[in-house]
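Here are the chains, one letter per residue:
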Amino acid sequence: MTELVGGPSLPQERKLVTSIPGPKSQEMMARKNAAVAAGVGVALPVSIVAAGGGVMVDADGNSLIDLGSGIAVTGVGNSAPAVVEAVINQVQAFTHTCFTVTPYDGYVKVAEKLNELTPGDHEKRSALFNSGAEAVENAIKIARHFTKKNGVVVFDHAYHGRTNLTMGMTAKNIPYKDGFGPFAPEVYRVPTSYPFRDGLSGAEAAKVALTQIEKQVGAGNLAAIIIEPIQGEGGFIAPAEGFLPALQAWATENNVVFILDEVQTGFARTGDLFAANHEGVVPDMVTTAKGIAGGLPLSAVTGRAEIMDSAHAGGLGGTYAGSPIACAAALATIDTYEKENLTERAREIGAIIDEFFGEIAKNDDRIGEIRGRGALKAIEFVESGSKNPNAALTGAIAKQAGEQGVIVLTCGTYGNVVRFLPPLSISDELLREGLQVVADALAAN
Ligand SMILES: *Cc1c(COP(=O)(O)O)cnc(C)c1O
């Protein structure tokens, strides 16, 4: 067996030794197409064998710049040394017990950390799960149990997952929902705040949303309002200032649980440990996942003690929920965010991206808006001289960047947003090289 070592010791360089995808990646993709369900698509058809720092290495020996972190997961870097060590130690001690059969300390420690670090200094409780969608499902379960109401308000452009309930909560039809219904009932969608397109202040946008909630749902039927503090898959849409606080104030007045879905924005990504902190909002509940455990599958619901404790024993859990391996990884990951001051690093990365594309935007009016916070940044592309979404350009940029060895993701309801989610372990030099490849792809189209 060949020893493959990832992590920060991998040479931090973009190096193309074949075209992308190379022959070994193509060979794997042929097997993938024969063995894996077609619905499981891929953004870039390469076969990854190692990753770390700011690079991913494929089976053909190409070294690619990673500007996606596996969708905002490997914030501390892929195979981060502290995570690797914690996982090895845990695997050697025990791999599984099922926390709800025989509990263990790592789970409790993660809950203690989340209770301490998430927004607000009220008394909290946490419950751990495996995926972001599972955390969202459980947050809704708990909010319904606590309020004894059913309705759930979600927003235009929202993304909450791919399970039945969360698919119904997600806004975008293709690819997430088309043909996969029927969806769970009692989910109501209202307009969000999308400053680039609606031109409303936070207070104005909140008035639109809250009026619709009052007229079409009624507070007496509503268990929860759930929103991403910056919408992720929907296009990295940051609401206008004041929008989130207005929703929160209304929810509090009306015995409605206010839930922030920080699955993508959480854990240093936005230049603060949680995006809620930028707005000074304190949610009743917060869902976290992606950046929590350095790449291991873990998610959490953290909320006010009286809400979280309302569900009876046995009502929450799951065979693998809060796996000891994922918990060990999470403790090492959270420690790494703190020790390496990665919130500050996220702000530096954001400033570099702003400056780099800010210059280019002066001479290219297809850049409609550069937005986001910290190392969660995006460019919304439009047709010249308009706000018409330019999905063709966006797709071409991502494709061309991939062929040149830079992994970038797209998003947005209109498919016209390129998003940057680099690992916070990336160097300035590598980041700039990656951005230049994206800029070159823009110039060539
Ligand atoms: C990714 C994501 C989810 C779903 O997480 P999974 O782990 O893919 O189930 C939910 N909410 C938000 C905001 C996300 O970005």
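The shown structure was predicted, so the numbers you read here are calculated from the model rather than taken from an experiment.

Attention now goes to the overall build of the chain. On a plain count of helices and strands, the chain comes out with 15 helices and 15 strands. Over its C-alpha trace the chain gives a radius of gyration of 21 Å, about what one expects of a compact globule, namely 22 Å for 445 residues. Structurally, the chain occupies a C-alpha span of about 60 × 60 × 45 Å along its principal axes. Among the 445 residues that make up the chain, the fraction classed as buried is 53%. Taking the contacts inside the chain whose residues are at least 6 apart along the sequence as the reference set, 74% of them involve residues at least 24 apart. Element-wise, carbon and sulfur atoms account for 53% of the exposed surface of the chain, whose accessible area totals about 18,200 Å². Side-chain charges of the chain comprise 35 positive and 49 negative groups, with the mean position of each set lying 4 Å from the other.

Right, let's get into the site of the ligand. What surrounds the ligand is the set S131, G132, A133, Y159, H160, G161, E228, D261, V263, Q264 and K290. Y159 is positioned with one of its backbone polar atoms (N or O) 3.4 Å from a nitrogen atom of the ligand. Isolated, the ligand exposes 380 Å² of accessible area, and the fraction of that covered by the protein chains is 82%. Along the lines of polarity and charge, the residues of the shell around the ligand split into 3 nonpolar, 5 polar and 3 charged.

Let us now look at the state of the cysteines. Formally, a disulfide is one covalent bond, and it connects the sulfur atom of one cysteine to the sulfur atom of another. Applying the stated rule across the entire model yields 0 disulfides. For the unlinked cysteine C327, the closest cysteine sulfur is that of C98, found at 12 Å.

If a strand is regular, its side chains alternate between the two faces of the sheet. Pairing of strand β1 (residues 48-52) with strand β2 (residues 55-58), which is carried by 4 bridges, proceeds in the antiparallel orientation. When the bridges of β2 are listed, A50 appears paired with V57. Counted between consecutive antiparallel strands, the loop separating β1 from β2 contains 2 residues, among which G53 sits at a positive phi close to 60°.

It is worth spelling out unusual backbone geometry at this point. Each neighbour pair has its own omega, and for I174 with P175 the value is 5°, a cis peptide bond. Summarising the element assignment, P175 is placed in the loop between α6 (164-169) and β6 (187-190). Following G181, the chain continues to P182 via a peptide bond in cis, the omega torsion being 5°. With respect to the helices, strands and loops of the structure, P182 is situated in the loop between α6 and β6. Of note in the backbone geometry, A72 takes a positive phi value of approximately 65° without being a glycine. Among the structural elements, A72 can be located in helix α2 (residues 69-72). Residue class for A72 comes out buried when judged on its relative accessible area of 4%. Positioned with a positive phi, S79 is a non-glycine residue whose angle comes to about 45°. Looking at the secondary structure, you find S79 in the loop between α2 and α3 (81-93). You can call S79 partly exposed: its relative accessible area is 32%.

Attention now goes to the sheet that holds strand β11 (residues 367-373). Judged by pairing direction, the sheet is antiparallel, and its 4 strands sit side by side in the order β11-β12-β15-β14 without closing on themselves. The open sheet is flanked by β11 and β14 (409-411), the only strands paired with a single partner. Looking at each pair of strands side by side, their axes are set apart by 25° on average, direction ignored. Sheet topology places strand β12 (residues 376-381) next to strand β15 (residues 417-420); 4 bridges connect them, and they run antiparallel. Each bridged residue has a counterpart across the sheet, and for I379 the counterpart in β15 is V418.

Core analysis: the biggest nonpolar cluster contains 85 residues, and M285, F357 and F420 have the highest contact counts within it. By residue number, the principal contributor to this core is helix α12 (residues 324-339), which donates 9 residues. In this structure, this core is formed jointly by two domains, domain 1 (23-79 + 342-444) and domain 2 (83-339), each of which donates at least three residues. Each residue touching M285, except ones within four places of it in the same chain, is listed here: A139, I142, A143, V257, F258, I259, L260, V301, T302, G303, I307 and M308. Judged by nonpolar contacts, the second largest core, of 23 residues, contains V190, A206, I227 and L244.

Attention now moves to helix α15 (residues 428-443). With 16 residues, α15 ought to run about 22 Å at 1.5 Å a step, and its terminal C-alpha atoms sit 22 Å apart, in line with that. Of all the positions in α15, only L430, L431, G434, L435, V437, V438, A439, A441 and L442 are classed as buried.

This part covers the packing of helix α14 (residues 391-403) against α15. Viewed as axis vectors pointing N to C, α14 and α15 meet at an angle of 130°, and their least axial separation amounts to 9 Å. By the angle between their directions, the pair α14 and α15 is classed as oblique. When the axes of α14 and α15 are compared, the crossing they make is right-handed. Contacts between α14 and α15 involve L393, I397, Q400 and A401 on the former and, on the latter, V437, V438, A441 and L442. Broken down by class, the residue content of the contact of α14 with α15 amounts to 7 nonpolar, 1 polar and no charged.

The next point concerns the environment of G415. Inspection of the secondary structure assignment puts G415 in the loop between β14 and β15. With residues near it in sequence (within four places) discarded, G415 still touches K172, A391 and T394.

Our focus in this paragraph is the sheet that holds strand β10 (residues 299-304). On the basis of which strands lie adjacent, the open sheet formed by 7 strands has the order β4-β10-β9-β8-β7-β5-β6 and mixed pairing. Only two strands of the sheet have a single partner each, and these edge strands are β4 (124-129) and β6. Within this sheet the neighbouring strands show an average axis-to-axis angle of 20°, counted without direction. Here strand β5 (residues 151-155) runs beside β6; their pairing, made up of 4 bridges, is parallel. Within the sheet, the bridge partner assigned to F155 lies in β6 and is V190. In the packing of helix α4 (residues 105-117) onto the sheet, the strands contacted are β4, β9 (285-288) and β10, and the crossing angle to β4 comes to about 130°. Strand contacts of helix α8 (residues 202-216): β5, β6 and β7 (222-227), with the helix running at about 145° to β6, the strand carrying the most contacts.

Here is what the cut-offs are and how they apply
- Residues numbered from 1 in each chain as written.
- Predicted model: local features only at pLDDT ≥ 70, side-chain atom pairs only at ≥ 80, totals over all residues.
- Heavy atoms only, no water.
- Helix = DSSP H or I, 4+ residues; strand = E, 2+ residues; numbered from the N terminus.
- Rg over C-alpha atoms; globule rule 2.2 N^0.38 Å.
- Buried < 20%, exposed > 50% of the residue type's maximum accessible area, 1.4 Å probe, protein only.
- Contact = heavy atoms within 4.5 Å.
- Areas by Shrake-Rupley, 256 points an atom, 1.4 Å probe, with all protein chains shown as cover.
- Lys, Arg positive; Asp, Glu negative; His and termini not counted.
- Charge placed at Lys NZ, Arg CZ, Asp CG, Glu CD.
- Near = heavy atom within 4 Å.
- Polar contact = N/O pair within 3.5 Å; in protein donor to acceptor, adjacent residues only side chain to side chain.
- Nonpolar A, V, L, I, M, F, W, Y, C, P; charged D, E, K, R; others polar.
- Disulfide = S-S within 2.5 Å.
- Pairing = 2+ DSSP bridges.
- Axes fitted to C-alpha atoms, helices over the stretch in contact; angles between N-to-C directions.
- Core = buried A, V, L, I, M, F, W, Y, C linked by side-chain atoms within 4.5 Å.
- Domains from an automatic or database assignment.
- Expected span 1.5 Å × (residues − 1).
- Parallel < 35°, antiparallel > 145°, perpendicular 65-115°, else oblique.
- Left-handed = near helix turned anticlockwise from the far one by under 90°.

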